[in-house]
Amino acid sequence: MNVFIFTLKPSIRKHFSSLEKARTVSCTFKGPEELQSFLKEPPSPCVLYIDITTVPDSLWRKALNAAHNTPGLRIGIVDPAGSIEDIGSLFHRGAVDYLKKPLLQAGITSRRIKDVLTFSPVDDAAQNNTTGVMNKEWKIAPGGWKEITSGQEYTFSLLYIELDMVEEWKKKSGKSHIDAIQKTFHDHTENVFSPLGGKIWMWMDHSGLVLFPFDGTSCAPLIACLRLVLNRTISSIEIYQYNTLITYTMALHIGNTEFKGRGKTGGIISDTINFVFHMGKQFAEPGHLYVTDTIVPFIHEGLKDTFVRAGTFEGKEIFALRLPERCSGSF
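All of the points below concern the structure found in this document. Sequence order sets the numbering: in each chain, residues are counted from 1 along the sequence as written. Reporting in this predicted model follows two pLDDT cut-offs: at least 70 for local features of residues, and 80 or more for side-chain atom pairs to be given and counted; totals over whole chains, interfaces and linings ignore these cut-offs and use all residues. To get the side-chain values, all heavy atoms of the structure are used, and hydrogens and water are removed first.

Concerning the sheet that holds strand E1 (residues 2-6)
So, step 1. The pairing criterion is simple: DSSP has to find at least two bridges between the two strands. Here a strand is any run of E in DSSP of at least two residues, a helix any run of H or I of at least four, and the numbering for each starts at the N terminus. Within the open sheet, the five strands sit side by side as E2-E1-E3-E4-E5. Their pairing is parallel. Where the open sheet ends on each side, the last strands, each with one partner, are strand E2 (26-30) and strand E5 (95-99). Mean inter-strand twist for the sheet, computed between neighbouring axes without regard to direction, equals 20°.
So, step 2. In the sheet, strand E4 (residues 73-78) pairs with E5 via four bridges, with the strands oriented parallel. Each bridged residue has a counterpart across the sheet, and for isoleucine 75 the counterpart in E5 is alanine 95. In this description, a line fitted to the C-alpha atoms serves as the axis of each element, helices being fitted only across the stretch in contact, and the angle between N-to-C directions of two axes falls anywhere from 0 to 180 degrees.

Written out as C-alpha cells, the structure is:
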C-alpha cells in the first residue's frame, strides 16, 4: 500500500517513523506545494495524510472533494492542534482517518493503515459492486465528463435549484440589485457543485439545472445540498450579505437524458428534464430539499431518518429533508 504524507514539519514526520519501517507499506513524504499536481494523477490505490497546519484550507478541502471522484484515493486528515470542531463532517465528505495530537504521539503503524482500509477498502471491484441498486436502464460513462459527448444519452444526477424570494424582492428592489443577487447565486452554485463534478447546464435568472455524471455508486451532490440547507444562515451572512436569510428550493433526481453543451439544449426532448423542472416548480416548497426514490439507495444509512415521505409526483415517490427548527425563521 502506498501512503503519502503531505507536511512541512519534521515533528509530524517522526510520528510516522514506524510506518516507514513497515514491509507492507510504502511511505513517502511530500511538501504541501506538491499536493495540487499530485491530485491530477494519483497512484491507485493510495492513502494520503494531509497536515492541515501546513496545507492551505482550500487545497486540503479540494483533496477531499477529489476523493469522491477518484477510485482508489483515500484521504486522512492530520490535525495536531485539534482545530476541526466538526470531525464528523470530514468523514461525511470522504475522509477515512483523522489524527490529532494523542494519536500522533502514540505513533502511526501499519495496523492503523489496515484499519483504515477495513473501514473504507481500497478495492475498485468493491467500489463498483452495486448489487441491489443496479438499474439496467442506466447509461453510465465510467470516465465522467471525459467520456461524455454531445448528442448521446447518459445517466446523470440532476439538481434543480432555485433562490427563493427573488420575485418578492423584484417588487421593492432595483434591477441592478436583483442582478447582483442573481449573479451571486449563480457563482455560489457553481463554487459549491463544480468540485463535485457538477456543471450548471440550464440557467434562468434565479434558478437552474446542475448536471452530474452518475457513476452507479453514489449521488455526488446529495451531501452538498444538505449542507446548503443546514448552513444557510452562515451563507446568508458570508456570501450574500443582504441582511436576509437566503433559502433555496432544491429537487434532486437520477435519470437519463441526451447531453448537449450549455446554451445548445433547446432541441433536447427529455422526459427526465421535464420531470425535474416540474418537480422543482410545481411540487417543491420553498426552502426545502426534495429527492426522488432514485436517490434513496445512495443516502448514507445515518442520514436516512432525516428524509421523510412527501408524497407521489408524476408517478415517482418523493422524499423531503426534515428541517431542524434552527433552519426555520430568520436571523
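Having seen the structure, we can now continue with the description.
Looking at the sheet that holds strand E7 (residues 199-203)
So, step 1. With mixed pairing, the seven strands of this open sheet are ordered in space as E7-E8-E6-E9-E10-E12-E11. Strand pairing shows two members of the sheet lacking a second neighbour, E7 and strand E11 (307-313), which therefore form its edges. Adjacent strand axes in the sheet meet at a mean angle of 30° when their direction is disregarded.
So, step 2. As judged from the three bridges shared by strand E10 (residues 289-292) and strand E12 (residues 316-321), these two strands associate in the antiparallel manner. For threonine 292, the partnering residue across the bridge sits in E12 and is isoleucine 318.
So, step 3. Helix H10 (residues 175-193) rests against strand E6 (153-163), E7, strand E8 (207-213) and strand E9 (248-258) of the sheet, and its axis sits at about 140° to E6.
So, step 4. Contacts are assigned to residue pairs with any non-hydrogen atoms lying within 4.5 Å of each other. Of the strands in this sheet, E6, E9, E10, E11 and E12 touch helix H11 (residues 222-230), which is tilted by about 165° from E9.

Side note on the packing of H10 against helix H12 (residues 232-240)
So, step 1. Axis separation between H10 and H12 bottoms out at 11 Å; the angle between their running directions is 115°. Handedness of the crossing formed by H10 with H12: right-handed. In this structure, H10 contributes Ile181, Thr184, Phe185 and His188 to the contact, and H12 contributes Ser235, Ile239 and Tyr240.
So, step 2. Here the residues of the contact of H10 with H12 are counted per class, giving four nonpolar, three polar and no charged. Left-handed describes a crossing in which the near helix is turned anticlockwise from the far one by less than a right angle; the clockwise case is right-handed. Ten residue types, Ala, Val, Leu, Ile, Met, Phe, Trp, Tyr, Cys and Pro, are classed as nonpolar, four, Asp, Glu, Lys and Arg, as charged, and the remainder, Gly among them, as polar.

Concerning the packing of aromatic side chains
So, step 1. By convention, a stacked pair of Phe, Tyr or Trp rings (six-membered ring in the case of Trp) has centres within 6.5 Å and planes under 30 degrees apart, an edge-to-face pair has planes over 60 apart, and any other such pair is tilted. Taken as a whole and assessed by the stated rule, the structure comprises 19 aromatic pairs.
So, step 2. With a centroid separation of 6.3 Å and 85° between ring planes, the pair formed by phenylalanine 16 and phenylalanine 29 is classed as edge-to-face. Placement of phenylalanine 16 in the loop between helix H1 (10-13) and helix H2 (17-21) and of phenylalanine 29 in strand E2 is noted, with a sequence separation of 13 residues between them.
So, step 3. On the numbers, 6.1 Å between centres and 20° between planes, the contact of phenylalanine 185 with tyrosine 248 is stacked. Within this pair, whereas phenylalanine 185 is found in helix H10, its partner tyrosine 248 is found in strand E9, the two being separated by 63 residues in sequence. Both residues of the pair, phenylalanine 185 and tyrosine 248, count as buried.
So, step 4. Taken together, the ring pairs connect Trp145, Tyr154, Phe156, Trp201 and Phe259 into an aromatic cluster.
So, step 5. Over the face of the ring belonging to phenylalanine 275 we find lysine 316, whose NZ or CZ atom lies 4.6 Å from the ring centre. Exposure classes here rest on a 1.4 Å probe applied to the protein chains alone. A residue is buried below 20% of its type maximum, exposed above 50%, and partly exposed in between. Either the NZ atom of lysine or the CZ atom of arginine qualifies as a charge over a ring when it sits within 6 Å of the ring centre and within 35 degrees of the ring normal.

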